[in-house]
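A structural walkthrough
Below, each chain spelled out in residue letters.
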Amino acid sequence: MDASTGGGGNSLPTTGADGSKRRVCYFYDAEVGNYYYGQGHPMKPHRIRMTHALLAHYGLLDQMQVLRPHPARDRDLCRFHADDYVAFLRSVTPETQQDQIRALKRFNVGEDCPVFDGLYSFCQTYAGGSVGGAVKLNHGHDIAINWAGGLHHAKKCEASGFCYVNDIVLAILELLKYHERVLYVDIDIHHGDGVEEAFYTTDRVMTVSFHKFGDYFPGTGDIRDIGYSKGKYYSLNVPLDDGIDDESYQSLFKPIMGKVMEVFRPGAVVLQCGADSLSGDRLGCFNLSIKGHAECVRFMRSFNVPLLLLGGGGYTIRNVARCWCYETGVALGHELTDKMPPNEYYEYFGPDYTLHVAPSNMENKNTRYQLDDIRSKLLDNLSKLRHAPSVQFQERPPEADLPERDEDKENPDERRGADSDVEMNDVKPSEDSGRRSSIQSVKTKKESSETEAADKDVTKVAVEHSRGTVPVIDGVGSSKQPPLNDTSLMAIDEPVSLKVDPESSNKSLDQPTTHQKQ
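What you see as residue numbers is a count from 1 along each chain, following the sequence as written. Reporting of local features is limited, given that this is a predicted model, to residues whose pLDDT is at least 70; pairs of side-chain atoms are given and counted only at 80 or more, and all residues count toward the totals for whole chains, interfaces and linings. As a rule here, side-chain values come from all non-hydrogen atoms in the structure, and water together with hydrogens is ignored.

1. Here's the deal with the overall build of the protein
Applied cut-off: A run of H or I in DSSP counts as a helix once it spans at least four residues, and a run of E counts as a strand once it spans at least two, with each numbered from the N terminus. We call two residues in contact when some of their heavy atoms are within 4.5 Å. Under the convention used here, a 1.4 Å probe and the Shrake-Rupley method define accessible areas, while residue burial counts only the protein chains that appear.
Counting its regular elements, the protein contains 15 helices and nine strands. Long-range contacts, defined here as pairs at least 24 residues apart, represent 82% of the contacts in the protein between residues at least 6 apart. In the form shown here, the protein has an accessible surface area of approximately 19200 Å², with 49% of it arising from carbon and sulfur atoms.

Pasting the structure below:
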């Protein structure tokens, strides 16, 4: 029984206004910071390690269960992704990619989504954390966090926008085994197109995306895109313009999400906390403060519904680490001091060495009239949902077999210390350590030595991103067409059959594209 039926279920314990205490679990693999997209690429997994270091020095790791995710297996990934696409990700390497030119084009792997050392292990790691978080929520935890996850652009048969595997879709499928309805909320500056597309025809998942819309990657997310068939009105898109600030953002977020929670009554919520919507992001154009961004986390937490917090975009990495550290504190109900404690990456946060950064004086191009019009249209769409849909469960799919490693229960002589994550030599080799060995020392040093000045020297990837050039594909554009095949978009009215037959995939997604993420 989910919380919305009034029977309690997994509803969170209430203490005070919104319940200050939560049972929180946090997924982190110390090797995630070693993965390296390549010279000049805006996406830097090193930001996850920086976030973890801040959590350790603020003392937050002691307040939650710290888990190392079990890598997702092929069959876990194939619950959404096509078998041949997963097989390609598993087999391709920087040394062999020149022999697979056709496959690279078919699966949109190359420039924005490059082949790098340990690519498949990286996908397994971040997907394993998100699915593992969903499993924890299904078994009594109140909040689960995986800052390495949230890669919302990946499609069933192709990579897109720095994303290879859509861990969010996989986590939602896991949550649907226990909850009749799951809500997905996306506050990344880019439209959450991969997740919306996956659930576009179902009423069991509502997707709500707040994003920059216009001449901007991925070019989807028009306010008129509302879902199709049984999913009509279960997709909400909030198109925004440059320079939106905290006040304007919350004038939309709170009334819209309050109405969504009232009408849809989800049993669980997935919140993608992409930090590229912060002021000063290398690829972004919004003007949110860290507190303004975190207010979305605080608001969704207040509903006392099981909550999965995921990462996403974020390309000024010092601010990404600040943001996700602060939002971890929000999840725990713990206010952090602005003065930053000394840590391994202290020099990144100078000259002020504070947790918060003031927004800029950039122009807010979102007028009051535009904001009122958007809010009015979306609330009107929500008024057309008369009641929360119900689904009769006849058979529950098997559990995802992802036994997480609980670091609190490991042998003290073998486990990593809270702040020893930067010293990778102490980590015992795993089965795929041979594959990762080439990225252990050189790439770590290369990441740690990169300065923000070097980041400004944007190479071809970032230059192309800034152009916002996005071809419109049949069935995937600013105005969606009816899907060619419901199974390709993960119609989930029959949750017993979660694996998608690759033969029935949406053929339009197999066409080579040149998506450029801003």
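Still more to cover.
2. Section: the pairing of strand β5 (residues 205-212)
The side chains of a regular strand alternate between both faces of the sheet. Here is the rule: For the exposure calls, accessible area comes from a 1.4 Å probe over protein chains only, and a residue counts as buried if that area is under 20% of its type's maximum, exposed if over 50%, partly exposed in between. At least two bridges found by DSSP between two strands is the condition for calling them paired. A right-handed crossover is one whose linking path, passing over the helix from the first strand to the second, runs clockwise when the strands point away from the viewer.
Most of β5 is tucked away: eight of the eight residues are buried. Looking at chain direction, strand β4 (residues 182-186) and β5 are connected through five bridges and run parallel. In the sheet register, V185 faces β5, and the bridge partner there is V208. Taken together, β4, helix α7 (residues 193-198) and β5 constitute a β-α-β crossover, and its handedness is right-handed. With six bridges joining them, β5 and strand β6 (residues 235-240) adopt parallel strand pairing. Paired with T207 across the strands is S235, a residue of β6.

3. Section: the pattern of salt bridges
Note the following rule: Only one rule defines a salt bridge in this text: a Lys or Arg side-chain nitrogen within 4 Å of an Asp or Glu carboxyl oxygen.
Taken as a whole and assessed by the stated rule, the structure comprises 19 salt bridges. Across the pair D84 and R106 runs a salt bridge, and its minimum N-O distance is 2.5 Å. Separated by 22 residues along the polypeptide, D84 in helix α3 (residues 83-91) and R106 in helix α4 (residues 101-106) bring together distant segments of the chain. A relative accessible area of 34% places R106 in the partly exposed class. Within this structure, D29, E31 and R68 form a network of salt bridges that share partners.

4. Let's talk about the packing of helix α8 (residues 246-264) against helix α9 (residues 290-301)
Test applied: Inter-axis angles, ranging from 0 to 180 degrees, are taken between N-to-C directions of lines fitted to C-alpha atoms, where helices are fitted over the stretch in contact. To sort the angles, those under 35 degrees are grouped as roughly parallel, those over 145 as roughly antiparallel, those from 65 to 115 as roughly perpendicular, and the leftovers as oblique. By the definition used in this description, the sense in which the near helix is turned from the far one sets the handedness, with an anticlockwise turn below a right angle giving left-handed and a clockwise turn giving right-handed. Charged residues are taken to be Asp, Glu, Lys and Arg, nonpolar residues to be Ala, Val, Leu, Ile, Met, Phe, Trp, Tyr, Cys and Pro, and polar residues to be all remaining types, Gly included.
Contact geometry of α8 with α9 gives a least axis separation of 10 Å together with a crossing angle of 15 degrees. Classified by the angle between their axes, α8 and α9 sit roughly parallel to one another. In this structure, α8 meets α9 at a crossing whose hand is right-handed. Residues D246, Y249, Q250, F253, K254, M257, G258 and M261 of α8 form the contact with α9, whose participating residues are G292, E295, C296, F299 and M300. Of the residues in the contact of α8 with α9, the class split is seven nonpolar, three polar and three charged.

5. Some details on the pairing of strand β7 (residues 268-272)
Buried residues dominate β7, accounting for five of its five residues. Burial along β7 is two-sided: the residues A268, V270 and Q272 and V269 and L271 are all buried. Pairing analysis gives five bridges linking β4 to β7, with the strands arranged parallel. Bridge pairing in β7 links V182 to A268.

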